[in-house]
Amino acid sequence: MSVIPKLARRSLRARIGRAIAIALAILASVAFVSGSFILADSLKATFDNLFTELTADVHLEVRSVLTVDDISAARDPVPASLEQTVNDVPGVAVAEGALQRTATLLQKDGDAVDTRGAPALGVSWSDDPELNGVTLKEGRAPAADDEVVIDKLTADNNDYEVGDDITIVFDNGPATFRIVGLVGLGDTDGFGGATIASFAHQYAQQILDAGDTWDVIDMRIEEGADLAQVQAAVEQVLPARTEVVTGEQVSEEASDSINEIISIFGNILLTFAFVTAFVAAFIINNVFGITIGQRLRELALMRGIGASTKQVRRLIVLEALLISVTATVLGILAGFAVAKGMITIFNASGAGFPSSSLILRPPAVIVSLIVGVGVTMASVVFPARRAAKVPPVAAMRPEIGFAALSSGRRLVIGAVVTIIGVVMFVLGLFVRPGGTFGLIALAGGGALLIFIGVASLSMTVARPVAGAIGRPIEKVFGTPGKIARDNAMRSPRRTARTASALMIGVALISAAALFTSSVRDTFGRILDRSVTADFIVSNPSFLPIPAEVAERIAALPDIRAVSPVRPVLANIDSDQIAFSAIDP
């Protein structure tokens, strides 16, 4: 058995405190990365399964045709008479119309229930148990025109119980209903942050002011009937600009829509995770560099008794490998706790995510290994090379230690790296070759090189800067201040290394604050120039506002002008264009 692995294990035990410090930095970054992957993958799988279960018995669905390539766009309703027409098609067991409109629930004090941007939905209750995909948690289904079923999470958060009265605001005004039941989605009490108010099917059109229309018509075919044949038969009776699709397609579209949001959310978390890994790389490099510097006599003695440069380098690399592999495995396991914790935090704020089994997929493991093991090994390359070059005479004269780059060479290298980083950052930010990918690759890579370049340059200026900053400290604190100043000036490399991680943290916080204030100020100036209105009315759930609202506001005293605005998507010459319709 080689003596190097044995020495590496003994070395780690002898310096267990520093090993734990390095491991914690690795563990934190890996846990954040793996947790982001686990959370996103688990939520996607959960919603995929959930939508599949919800539409498992919806074999076909009739709906209007979209004229734009955006499945989230609002569809026109279909005639209510089409429900009976489809019911008469051979092979159709049940065809039932369904509605989804805006219905804002009010708290007991009269304020609107805050959905934090999620929709406030009013829907029709399905009388067919197989087509009804929600789970009745308490009470019963609505049967009268003054009865409603709401989601249990909203009821619990606002102290509502079965039997209580609740006021709901619709497009045509408020109305009061008796709560007769509470529902949830699968095994959860909420609907991903949305509020749900479900009304009896026979009264839903009247309550939701849908007229003689349905949004869609869901169908369940007879047992033994051929799905393709029934779908073809339904197509024959449909009017123009309507279509019939399978429940599987409806489920996939719903999953794609929610997964797109989850992906954006996951990418934001991953961005912070990689920033954490970047900071951890500086910390790891710093700790290894300082540790090796303090082990200078030990390494020199090893060289003096016959250890080769290769063996010394292997010793340092093996120590780093043992720490990184152990910390990475623990970090991946800790990722489950991070993911669960984030779900708990979001649910506590009213998100209502369904209960999900946490999933660890190969991409999460691969990226975690790259972040944990890869970053650590990359961070230890230069300290290991310097350790291998320690001369045996350093056992007696440790001050000759590492042969550092000359300040001139370091200044040139740091300046070149910094300039390249600035050029890449500017190109990515303003030119954006390749669109979003170019922005991320060039701007992100440029920022990384800027940090590395500045960290390298800091070693050449650490001595004079430490001297200048330390001079007033020396005068204030006397001898302790002089010792601190001399120590900082004596080892500019150690001083610069120690400051690098702090520099990155301060720079990131400053950049975030600067970016936020700049965006706020820019948008503020744009709005000041382009918007002359004194007030703007909007829906916090990002849903449309009824046209009647503009009419009612215009009728108020002291209101001189009201201008409704509606965003519209349109296909023009094969291009999808977004524009706004406005009443000047």
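Everything numeric here is computed off the predicted structure, so don't read it as measured data.

## Structural notes on a negative patch on the surface
In step 1: Judged by side-chain charge, Glu248, Glu252, Asp256 and Glu260 come together as a negatively charged surface patch.
In step 2: Structurally, Asp256 can be placed in helix α7 (residues 247-294).

## Regarding the pairing of strand β8 (residues 147-151)
In step 1: The buried fraction of β8 amounts to five of the five residues, a majority that puts the element mostly inside the structure.
In step 2: Sheet topology note: the β8/strand β10 (residues 173-184) ladder contains five bridges and is parallel. Paired with Val149 across the strands is Gly181, a residue of β10.
In step 3: Note that β8 and strand β11 (residues 195-199) share three bridges and pair antiparallel. In the sheet register, Ile150 faces β11, and the bridge partner there is Ala197.

## Concerning the nonpolar core
In step 1: Among the nonpolar cores identified, the biggest contains 37 residues, and Val62, Val148, Ile150, Ile168, Phe199, Met219 and Val234 are the most heavily contacted of them.
In step 2: In terms of nonpolar packing, the next biggest core, distinct from the first, is built from 34 residues, Ala8, Ile26, Ala277 and Ile332 among them.

## Considerations on unusual backbone geometry
A negative phi angle characterises most non-glycine residues, just as the trans form characterises most peptide bonds.
In step 1: Although it is not a glycine, Asp209 adopts a positive phi angle of roughly 55 degrees.
In step 2: Considering the arrangement of structural elements, one finds Asp209 in the loop between α5 (201-207) and β12 (213-214).
In step 3: Residue Asp558 is not a glycine yet carries a positive backbone phi of 70 degrees.
In step 4: By secondary structure assignment, the location of Asp558 is in the loop between α15 (547-554) and β15 (565-572).
In step 5: Given a relative accessible area of 82%, Asp558 falls into the exposed group.

## Looking at the side chain of Arg63
In step 1: For Arg63, the position within the fold is in strand β1 (residues 60-64).
In step 2: Residue classification places Arg63 among the buried residues on the basis of a relative accessible area of 4%.
In step 3: Side-chain polar atoms of Arg63 contact the side chain of Glu253, separated by 2.9 Å.
In step 4: In this view, Arg63 contacts Arg75, Val78, Val216, Thr242, Glu243, Val245, Gln249, Val250 and Glu253; residues no more than four positions away in its chain are not counted.

## Some points on the confidence of the model for the protein chain
In step 1: Looking at the protein chain, pLDDT values average 81 and 89% of them are 70 or higher.
In step 2: Taking the mean pLDDT of every element in the protein chain, the minimum, 73, falls on helix α8 (residues 296-304) and the maximum, 95, on β8.
In step 3: Below a pLDDT of 50 lies the segment residues 398-405, which in the model reaches 18 contacts outside its immediate sequence neighbourhood of four places, other chains included.

## So, empty space enclosed by the protein
In step 1: Taken as a whole, this structure holds one cavity of 30 Å³ or more when the rule is applied.
In step 2: In this model, the largest cavity occupies a volume close to 110 Å³.
In step 3: Taken together, 13 residues make up the lining of the largest cavity; nearest its centre are Leu12, Phe288, Thr291, Arg295 and Glu319.
In step 4: Counting only elements with at least two residues in the lining of the largest cavity, the list comes to α1 (3-14), α2 (16-54), α7 and α9 (309-348).
In step 5: Tallied by class, the residues present in the lining of the largest cavity amount to seven nonpolar, two polar and four charged.

So, how was this worked out
Residues numbered from 1 in each chain as written. Predicted model: local features only at pLDDT ≥ 70, side-chain atom pairs only at ≥ 80, totals over all residues. Heavy atoms only, no water. Patch = residues over 30% accessible without salt bridge, like charges linked within 9 Å, V, L, I, M, F, W, Y side chains within 5 Å. Areas by Shrake-Rupley, 256 points an atom, 1.4 Å probe, with all protein chains shown as cover. Salt bridge = Lys/Arg side-chain N within 4 Å of Asp/Glu carboxyl O. Lys, Arg positive; Asp, Glu negative; His and termini not counted. Charge placed at Lys NZ, Arg CZ, Asp CG, Glu CD. Helix = DSSP H or I, 4+ residues; strand = E, 2+ residues; numbered from the N terminus. Buried < 20%, exposed > 50% of the residue type's maximum accessible area, 1.4 Å probe, protein only. Pairing = 2+ DSSP bridges. Core = buried A, V, L, I, M, F, W, Y, C linked by side-chain atoms within 4.5 Å. Polar contact = N/O pair within 3.5 Å; in protein donor to acceptor, adjacent residues only side chain to side chain. Contact = heavy atoms within 4.5 Å. pLDDT = per-residue confidence, 0-100. 1 Å grid on protein atoms, 1.4 Å probe; cavity = no way out; pocket = protein on both sides within 12 Å on 5 of 7 lines; lining within 4 Å. Points joined across faces, edges and corners; volume = space filled by probe spheres on them. Nonpolar A, V, L, I, M, F, W, Y, C, P; charged D, E, K, R; others polar.

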